[in-house]
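Observations on chain architecture
If you want the building blocks of each chain, they are given just below.
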Amino acid sequence: MVGRRLGRAADIAALGAVLLVLVAPVAWVLLSAFKTRTEVAALPPRLFFTPTLENFAELFGRSDFLDYSWNSFVVAGGSTVLGLLLGVPAAFAMAWHRMTWPATATLFARMAPGTLFLLPWLVMFTAVGLTGTRTVLILTHAVITLPIAIWVLLPYLEAVPRELVESAQIDGARAHQVLLRVVLPVVVPGVVVAAILAFVFSWNYFLFALVLSGMESKTAIVASFNFVGEGVTNWGALMAAAVVIAAPPLILTLLIQRRLVGGLAAGAVKG
Amino acid sequence: MKSLRNSSRSGTSYRWMVAPALLFAGVMIVFPFGYAVWLSLCEVALGQPPRLNGGANYARLAADPDFWNGLRLTLWLYAISLVAQLVIGTWLGLLLARTRRARGLIRTILVSPFMLPPVVIGMMAIVILDPSFGIANWILAQLGLPPRLWLSDPDTVILTVAAIDTWQWTPFVALIVMGGYLSLPGEVFEAAEVDGARGWQRFRRLTLPLLGPTLVTAAVLRSVDLLRFFDVIYITTQGGPGTASTTLNILAYRRGFEFFDIGYASAIMVTLSALVFGSVLVFARLRRAVTW
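Quick caveat, the model's predicted, so the values are computed rather than measured.

Comments concerning the overall build of chain A
When helices and strands are tallied, chain A shows 13 helices and zero strands. In chain A, the order of α-helices and β-strands from amino to carboxyl end is α-α-α-α-α-α-α-α-α-α-α-α-α. Here chain A has a C-alpha radius of gyration of 23 Å; the compact-globule value for 271 residues is 18 Å, and the former is much larger. By principal-axis analysis of the C-alpha atoms, chain A measures approximately 75 × 70 × 30 Å. Of all 271 residues assigned to chain A, the portion counted as buried reaches 43%.

Quick look at the structure:
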């Protein structure tokens, strides 16, 4: 008994230590974003200080960070929509006909190093005169969002009762009606999860925008990297940028945790 | 004929719905991949059409010390990160499975590192690990330890990068392990309890083999990311100091986009792709071996 209680105390201590290691760096970034220029590099570190918004004012006032954030939003949103538009019908057909090879084929995109595609893409987009536009980023980021959409949706679509689709067929529903009116409403939770994951991965993605974005289409991620490269000495502003670009994925991830549980309950086959 | 097929209950074909996705994949993935392979077999000079040069790029690869350095760094970074993440991840996953308190909060904290943009991870590392103003060295000083050049010591920079990736992705492995463990049949463990198997013995003989397929899944996912690891390295060190963290992917990127040595860069990328696909095939074999 004593041994077991000791074991439990050790578990809690170990878990606490792990959580501290995971939280501390993130908390440090968050605190630094609200410190003044002198406080931010002060050692010993100041844990108590009057929070200031001057770093955010500088970030948005002295650079086009708002534009870059908007670009990120358009690219992540656009590639998510494109990924779902292509992925939902494909995943439905794959689930219905139990086709496995297209799913395996999309894994290929998941495995190949992104650098491999960049040179051919540059040539292709130059040929059609699209270089430096947000369209290029939406198309290339859809290479990431499409496999996510397919893989997240497959289990949801495989769980759709076949009778549901077959009775709609008997009623004379055409293929697109079956998909939009019968299947889609049942798998909404899956679509939400797929959409959020696709958006987060597209928002976070660095490499494609690093090479393919122009002055007009630069994302907040690439702009933040440029701050680092330019040797920005104001760490406060740097950390403010980090907070701004980290917020959407973290907030969306929180949403998905609740929806995941609700989605699993809603996906249960009814009658 | 057509109506007959349509009237049979499940005869309607939805196969055509795969077509838009396949068309997209053809244009954006398959064609570029083939194009990259072709480029890797060509001499590419600006203003001239690429010309096949009979595998000269691959011959150059074999004689290039930067390539071998990159391969060594890639495999070294891969090995230490994968082992660290699987070992710590398994330990943490089992610890999580035993804990019933505050599961929601704990899960939120665990998910956060790998949902953060790699650029944020990089910025975080740069600020925390700065040799003079970073808090990491200040903490070392408080403990009476000498300061370290975390990201600028050529001997240890790979270890630092591995530590950063391990910080970010071990929680992911732990969550997979926790899920795998919680889905195991409880009776097996009750039976083991009756037989008096405890502690290390129970873990070694029972838990670990049962977790085999779960661990292989985690290993595959991490392998693919680790072998083509790019973003955090590029953001924190750009492959430096010197070439001390120039892994194959960084090398390929620099040759392609900084030196415009396009044929050669493509050869490096194709070789790296082969390495990634190869590792996935090995794990697919392994998964069959450990499935119970």
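Comments concerning the nonpolar core
As a rule of thumb, soluble globular proteins bury nonpolar side chains together. Counting residues in each nonpolar core, the largest one holds 155 residues, and the members touching the most others are A:Ala91, A:Phe92, A:Ala149, A:Leu153, A:Ala194, A:Ala242 and B:Ile268. If we ignore the near neighbours within four places in the chain, the residues touching A:Ala91 are A:Ala149, A:Ile150, A:Leu153, A:Leu154 and A:Leu157.

Points about the confidence of the model for chain B
All names here are of chain B. In this model, chain B carries an average pLDDT of 89, and 96% of its residues clear a pLDDT of 70 or more. Looking at the elements of chain B, mean pLDDT is at its lowest for helix H1 (residues 2-7), recorded as 40, and at its highest for helix H4 (residues 65-98), recorded as 96. Here the prediction assigns the complex a pTM of 0.91, and the interface score ipTM is 0.90.

Focus: the interface of chain B and chain A
Across the boundary between the two partners, chain B contributes 64 residues, which contact 66 residues of chain A. Listing elements by their share of the side of chain B that touches chain A, those giving two or more residues are helix H2 (19-40), H4, helix H5 (103-115), helix H6 (118-128), helix H7 (135-142), helix H11 (231-236), helix H12 (248-257) and helix H13 (262-290) of chain B. It is H2(B) that provides the largest number of residues to the side of chain B that touches chain A, a total of twelve residues.

A look at the environment of B:Asn53
All names here are of chain B. Along the chain, Asn53 turns up in the loop between strand S2 (51-52) and helix H3 (56-63). On the neighbour-count criterion, Asn53 (14 C-beta atoms within 10 Å) is partly exposed. The sequence separation of Asn53 and Leu39 amounts to 14 residues, and the corresponding C-alpha distance is 9.9 Å. Excluding residues that lie within four positions of it along the chain, Asn53 makes contacts with Cys42 and Glu43.

Let's talk about the UniProt feature "transmembrane region" (unreviewed entry) in chain A
Residues and elements named next belong to chain A. Here, the residues flagged by UniProt with the feature "transmembrane region" (unreviewed entry) are residues 12-34, 73-95, 107-130, 136-157, 178-206 and 235-256. Between the C-alpha atoms that bound residues 107-130 the distance is 27 Å, and the span itself is 79% helix and 0% strand. As annotated, residues 235-256 has a helix share of 100% and a strand share of 0%, and its two end C-alpha atoms lie 32 Å apart.

Quick look at the packing of helix H12 (residues 220-229) of chain A against H6(B)
Look at H12(A) against H6(B): their axes get within 10 Å of each other, and the N-to-C directions meet at 20°. Taken together, the axis directions place H12(A) and H6(B) in an arrangement best described as roughly parallel. The way H12(A) lies across H6(B) gives a crossing that is left-handed. Contacts between H12(A) and H6(B) involve A:Ile221, A:Ser224, A:Phe225 and A:Val228 from the first element and B:Val119, B:Met123 and B:Ile126 from the second. Taken together, the residues that form the contact of H12(A) with H6(B) break down as six nonpolar, one polar and no charged.

So, how was this worked out
Residues numbered from 1 in each chain as written. Chains lettered and ligands numbered in written order. Predicted model: local features only at pLDDT ≥ 70, side-chain atom pairs only at ≥ 80, totals over all residues. Helix = DSSP H or I, 4+ residues; strand = E, 2+ residues; numbered from the N terminus. Rg over C-alpha atoms; globule rule 2.2 N^0.38 Å. Buried ≥ 20, exposed ≤ 12 C-beta atoms within 10 Å, placed from the backbone. Core = buried A, V, L, I, M, F, W, Y, C linked by C-beta atoms within 7 Å. Contact = placed C-beta atoms within 7 Å. pLDDT = per-residue confidence, 0-100. UniProt positions renumbered as here; feature names shortened; annotations may be inferred. Axes fitted to C-alpha atoms, helices over the stretch in contact; angles between N-to-C directions. Parallel < 35°, antiparallel > 145°, perpendicular 65-115°, else oblique. Left-handed = near helix turned anticlockwise from the far one by under 90°. Nonpolar A, V, L, I, M, F, W, Y, C, P; charged D, E, K, R; others polar.

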